[in-house]
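# A look at the structure
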Amino acid sequence: MTYNQMQPAQPAHPAKPATPGAGADVKTFATAVLLTFGTGVLMMDGWALLDSGFGAFLGLVAGGFGIFWWRSIHGKVFPRELGTKSVVILTVINVVLVLLLLLQVS
């Protein structure tokens, strides 16, 4: 006599992979805004510091290197899952750049 082995029951609906929620979208959008804004402020800082278009060019190059550095840390420029700490640090850097610009203009 042979016995049939019971097969495990298949779930009615396969489990869906977890997708990031709206919070991840907000952080990605904030990252895009802050990186763009930071590069622009770096250009204005360079212009104010050297009082020429060459300073703005150097600020643009510095912004490009900053974005490249950001990508080397996170794997992508705009990663889907980004820690809140990274967005806060990026915000602080932008605030410092704006304060530096305001000190140069005064």
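Now for a quick tour of the structure. (Residues numbered from 1 in each chain as written. Predicted model: local features only at pLDDT ≥ 70, side-chain atom pairs only at ≥ 80, totals over all residues. Heavy atoms only, no water.)

### Regarding the overall build of the chain
Scanning the chain for helices and strands turns up three helices and zero strands. With 106 residues in all, the chain has 22% of them scored as buried. If you take every contact in the chain between residues at least 6 apart in sequence, the share linking residues at least 24 apart comes to 65%. Per element, the accessible surface of the chain, about 8,100 Å² overall, is 71% carbon and sulfur. (Helix = DSSP H or I, 4+ residues; strand = E, 2+ residues; numbered from the N terminus. Buried < 20%, exposed > 50% of the residue type's maximum accessible area, 1.4 Å probe, protein only. Contact = heavy atoms within 4.5 Å. Areas by Shrake-Rupley, 256 points an atom, 1.4 Å probe, with all protein chains shown as cover.)

### Comments concerning a nonpolar patch on the surface
Taken together, L49, L50, F54, F57, L58, L60, V61 and F65 make up a surface patch of nonpolar side chains, about 800 Å² in accessible area. Of all the elements in the fold, those that place two or more residues in the nonpolar patch are α1 (22–50) and α2 (53–74). Here the element with the most residues in the nonpolar patch is α2; it accounts for six residues. F57 sits in the partly exposed class, given a relative accessible area of 46%. (Patch = residues over 30% accessible without salt bridge, like charges linked within 9 Å, V, L, I, M, F, W, Y side chains within 5 Å. Salt bridge = Lys/Arg side-chain N within 4 Å of Asp/Glu carboxyl O.)

### What to know about the environment of M43
One can find M43 in helix α1. Overall, the relative accessible area of 30% leaves M43 in the partly exposed class. In this view, M43 contacts G55, A56, G59 and L60; residues no more than four positions away in its chain are not counted.

### Looking at the environment of G66
With respect to the helices and strands, the residue G66 is situated in helix α2. On the basis of relative accessibility, which here comes to 29%, the residue G66 falls in the partly exposed class. Distance from G66 to G38, taken between C-alpha atoms, is 9.3 Å for residues 28 residues apart in sequence.

### Some words on unusual backbone geometry
One non-glycine residue, D51, lies in positive phi territory at about 55°. Mapped onto the elements, D51 comes out in the loop between α1 and α2. With a relative accessible area of 65%, D51 lands in the exposed category.

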